Amino acid sequence: MLSKYQEALEKLIEEVHAFGRLDKEAFELVFEAVKSNDLEKAEEARRLLKGNHKANATIDMNAITTLALYAPEASDLRRVVTLIKIASELSRIGDYIKTHAKNVRQQIVGEEGGLPVDETCIGFHQSTLRALELALEAIVEEESESLDRIARQISVEESKCDDFVSILEKNMIGEICSRPEQADELVGRLHVMRKLERISDRCVNIVKLARYALEGGKLKL
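Conventions and cut-offs
Residues numbered from 1 in each chain as written. Predicted model: local features only at pLDDT ≥ 70, side-chain atom pairs only at ≥ 80, totals over all residues. Heavy atoms only, no water. Helix = DSSP H or I, 4+ residues; strand = E, 2+ residues; numbered from the N terminus. Rg over C-alpha atoms; globule rule 2.2 N^0.38 Å. Buried < 20%, exposed > 50% of the residue type's maximum accessible area, 1.4 Å probe, protein only. Contact = heavy atoms within 4.5 Å. Areas by Shrake-Rupley, 256 points an atom, 1.4 Å probe, with all protein chains shown as cover. Phe/Tyr/Trp six-rings, centres within 6.5 Å; stacked < 30°, edge-to-face > 60°. Lys NZ or Arg CZ within 6 Å of the ring centre and 35° of its normal. Core = buried A, V, L, I, M, F, W, Y, C linked by side-chain atoms within 4.5 Å. Axes fitted to C-alpha atoms, helices over the stretch in contact; angles between N-to-C directions. Parallel < 35°, antiparallel > 145°, perpendicular 65-115°, else oblique. Left-handed = near helix turned anticlockwise from the far one by under 90°. Nonpolar A, V, L, I, M, F, W, Y, C, P; charged D, E, K, R; others polar.

Chemist: Can you walk me through the overall build of the chain in this structure?
Modeler: A tally of regular secondary structure across the chain gives seven helices and zero strands. Helices and strands appear in the chain in the N-to-C order α-α-α-α-α-α-α. Compactness check: the chain gives a C-alpha radius of gyration of 19 Å against a globular reference of 17 Å for 221 residues, within 12% of the reference. Taking the principal axes of the C-alpha coordinates as reference, the chain spans close to 65 × 30 × 25 Å. Expressed as a percentage of its 221 residues, the buried residues of the chain come to 43%. Sequence-distant contacts, at least 24 apart, represent 80% of the contacts inside the chain between residues at least 6 apart. Looking at the chain as shown, the accessible area adds up to about 11600 Å², and 50% of this sits on carbon and sulfur atoms.

Chemist: Could you clarify how one ought to interpret the packing of aromatic side chains in this entry?
Modeler: Aromatic ring pairs are reported here in terms of the distance separating the ring centres and the angle at which the planes meet. Going through the model one piece at a time under the given rule, you end up with zero aromatic pairs. Across from the ring centre of F31, 4.3 Å away, lies the NZ or CZ of K35, which sits over that ring. In this arrangement the basic side chain of R78 is found over the ring face of Y212, its NZ or CZ atom lying 5.8 Å from the centre.

Chemist: Would you mind going over the nonpolar core with me for this structure?
Modeler: Among soluble globular proteins, nonpolar side chains are generally buried collectively. Ranked by internal contacts, the top residues of the largest apolar core, which has 55 residues, are L90, I93, I97, F124, I199 and C203. Elements that contribute at least two residues to this core include exactly helix 1 (4–36), helix 2 (39–48), helix 3 (52–70), helix 4 (74–110), helix 5 (119–140), helix 6 (144–178) and helix 7 (183–215). Element by element, the count of residues in this core is highest for helix 1, at 13 residues. Leave out the neighbours within four places in its chain, and I199 touches F27, I93, Y96, I97, T128 and L132.

Chemist: Honestly, the packing of helix 1 against helix 2 in this entry has me stumped. Any pointers?
Modeler: To characterise two packed helices, one gives the angle between the axes of the helices and the distance between these axes. It is the contact of helix 1 with helix 2, at a shortest axis distance of 8 Å, that shows an interaxial angle of 165 degrees. Comparing the axis directions of helix 1 and helix 2 gives the class roughly antiparallel. Helix 2 is crossed by helix 1, and the crossing has left-handed handedness. The residues of helix 2 that touch helix 1, namely those facing L22, E25, A26, L29, V30, E32 and A33, are K41, A42, E44, A45 and L48. Partitioning the contact of helix 1 with helix 2 into residue classes produces eight nonpolar, no polar and four charged.

Chemist: What is the right way to look at the side chain of H17 in this model?
Modeler: Position of H17 among the secondary structure elements: in helix 1. On the basis of relative accessibility, which here comes to 14%, the residue H17 falls in the buried class. Look past the residues within four positions of H17 in its chain and what remains in contact with it is L136, I139 and V140.

The quantities given are spatial measurements derived from coordinates; they are silent on function.
This is how it looks when you write it as C-alpha cells:
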C-alpha cells in the first residue's frame, strides 16, 4: 500500500504528464492544420491550450501543498521541485504552440490556394513532435538506462530541428528579398518559426530535469 506522500507524488506526476499531453495533442492539431490547410484544426489547438497558465498554476499549488504536508527528504524534495520546473517548461512550450497556431490560422486565411508546405517544413514539425513524445516519456521514466536512451534520441531530434530551421530561415530571407512589400509579415513568420524551434530545446531541458530528479548531481540547463 502506498504512503500518503507516494500517492500525492504519483498524482502530481500524472498531472504534469497530462499537462504535457495537452501540448502534444495541440501540436498534432497544428501539424494537421499545416499539412491540410485546415483552419478548424488551428483554432482547436488554440482552444485546447486556452487554460495553459491556469493549469500550470494549479500544478505549482499542488506541488507546494505536497511539500507543506509531507516535508519529504532530500531525494523526494528534489523530485517535487523538478516537477514544478518541468511544468514551467511545458507551459512555455504551450505558449509557443498557441503562437504557432495563430500564425498558421493567419496564413491559411491570407494565402491564396493555402499554405505553401515543403519537405523541410514537414520534417521540422515531425522532429518537434518526436521531441515532445520523448519528453513525455522522460517525465514518467524511473530507470537511468532508459533516460540515457531518451536523452540520446532527443538530442538527435533537437539537432534536426536546428538544421531544418536554418534551411527555413534561408528560404524565408529569399522570400523577403523577392517580396519586399510583404517584409513585415514574413519577418513575423520567421520570428514565430524561431520560437517554435525552442520547443525541442525545452524538451531537452525536460529530459535533463528528469535525470536530475532521478540521480541528483549538478543540473545544467
